[in-house]
Structure formats: C-alpha cells, structure tokens
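Below are the chains, spelled out letter by letter.
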Amino acid sequence: ENVVKLKERDAAIANLLQSVQANEGIISNLREDVDSFKQKLAESIEDNRRLQHESEIFAAQIIDQDEEFECLNAEIKDKANKIAALKREIAASSIEVRNVKNLERQLGELKEEKRHSMGRINNLEAKLRDIELKKAEEDGFEVERLKLELKNAVSDKEMTEERMT
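Residues numbered from 1 in each chain as written. Predicted model: local features only at pLDDT ≥ 70, side-chain atom pairs only at ≥ 80, totals over all residues. Heavy atoms only, no water.

Trainee: Explanation requested: the overall build of the protein chain in the structure shown.
Mentor: Scanning the protein chain from N- to C-terminus turns up two helices and zero strands. Scored against the burial criterion, the 165 residues of the protein chain give a buried share of 19%. Excluding contacts between residues fewer than 6 apart, the proportion of contacts in the protein chain whose partners are at least 24 apart in sequence is 85%. (Helix = DSSP H or I, 4+ residues; strand = E, 2+ residues; numbered from the N terminus. Buried < 20%, exposed > 50% of the residue type's maximum accessible area, 1.4 Å probe, protein only. Contact = heavy atoms within 4.5 Å.)

Below you can see the structure in the form of structure tokens.
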C-alpha cells in the first residue's frame, strides 16, 4: 500500500516538474515579448522625436515665409503708393507714362511673387498639419496599443506564476 502511495506521489511530482518546465518556457516567451514591446516602444519614441524635429523645422520655415510675406506686402503697398503718385503727375510727359507702366509691371510681378509665396505657405501649413496628425496618431494610438499589449503580457505572466504556486 505504501509502495502504491509512493508511486502516486512520484507521479504527481513528475507531473508538477513537467508543468513547471512548461511554465518556464511560457515565462521565457513572455519575457521575449516584453523585450520586443520595449524595443518597439523605443523605436516609436525615436520616431516621435524625429517627427517633432521635422515639425519644428516646418514651423521655422512657415515663420520665415510669413516674414517674407510681410516684406512683400510692404513692397506691394510701397509700389502701389508710387503708382498712385505717378498717376497724378502723368499729364506732363510720356516719360512719366512709361515709368507708370514699368511700375505696374513690377507690381504685377510682385503680386505674382506674393501669390507664389502664398501657395508655398499654404503647402507648408498643410505639410505641418499632416505631420502633426501623423505624430498624434503615432503618439496616441501606437503607444496606447503597445501599453495594452504589455499589460496583457504581464497579466498572463502573473496568472502563470499563480498557477505554478
């Protein structure tokens, strides 16, 4: 009878050892998953830094474009004032008429430059919005997903450890 109990006990111990070994494999896999998630999180943070840097560069370019736009507006206003003054003096000579036409051409060129600059500013603003949206998506969605996956992996590991005890 004792021999039977000893054999049953030995069989139970062998089963527990097999269970422990299987659980150690699971824990090892979970640790690898956690390391992988940490690596992905680090990569995501690096991407975030890179996008932030690009956003700052675009913001600086937009500021430069705004300053250029203000200068162009000042030039246009100045040219428009010159044209108005010349129009009042036109009656005297054909040379003055040619000067007015030259100034009007320059005004047209400046307006075209202004239109081109406005297009560039609009394009840069759109790129900045796209980068900010991409950054928000990466910051919010990817990090939250990785945090959830990490939390689930830790929970699975704890449940496995509980089953071992």
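Trainee: Explain the nonpolar core to me, please; I cannot follow it from the model alone.
Mentor: Burial of nonpolar side chains together is a common tendency in soluble globular proteins. Core analysis: the largest hydrophobic core is formed by eight residues, namely L72, I76, I83, L86, V100, L103, L107 and L110. Taken together, the elements giving at least two residues each to this core come down to α1 (2–89) and α2 (94–164). Excluding anything up to four places from it in sequence, L86 contacts N99, V100 and L103. Counting residues in hydrophobic clusters, the runner-up holds six residues, among them L51, F58, L128 and I131. (Core = buried A, V, L, I, M, F, W, Y, C linked by side-chain atoms within 4.5 Å.)

Trainee: Got a minute to help me understand a negative patch on the surface in this structure?
Mentor: Side chains of D64, D66, E67, E68, E70, E75 and E113 sit close together on the surface and give a patch of like negative charge. Position of E75 relative to the elements: it lies in helix α1. (Patch = residues over 30% accessible without salt bridge, like charges linked within 9 Å, V, L, I, M, F, W, Y side chains within 5 Å. Areas by Shrake-Rupley, 256 points an atom, 1.4 Å probe, with all protein chains shown as cover. Salt bridge = Lys/Arg side-chain N within 4 Å of Asp/Glu carboxyl O. Lys, Arg positive; Asp, Glu negative; His and termini not counted. Charge placed at Lys NZ, Arg CZ, Asp CG, Glu CD.)

Trainee: Teacher, can you tell me more about the pattern of salt bridges here?
Mentor: When charged atoms on two side chains of opposite charge get close, those side chains can pair. A complete count under the given rule lists five salt bridges for this structure. For D10, the salt bridge goes to R9, with nearest N and O atoms at 3.6 Å. The class for D10 is partly exposed, based on a relative accessible area of 43%. R50 serves as the salt-bridge partner of E54, at 3.0 Å between the closest nitrogen and oxygen. With E54 and R50 both in helix α1 and four residues apart, this pair spans about one turn of that helix. For E54, a relative accessible area of 27% translates into the label partly exposed.

Trainee: Help me understand the side chain of Q65, please; the structure alone is not making it clear to me.
Mentor: Secondary-structure assignment places Q65 in helix α1. Those residues in contact with Q65 that sit more than four places away from it in its chain are S117, R120, I121 and L124.

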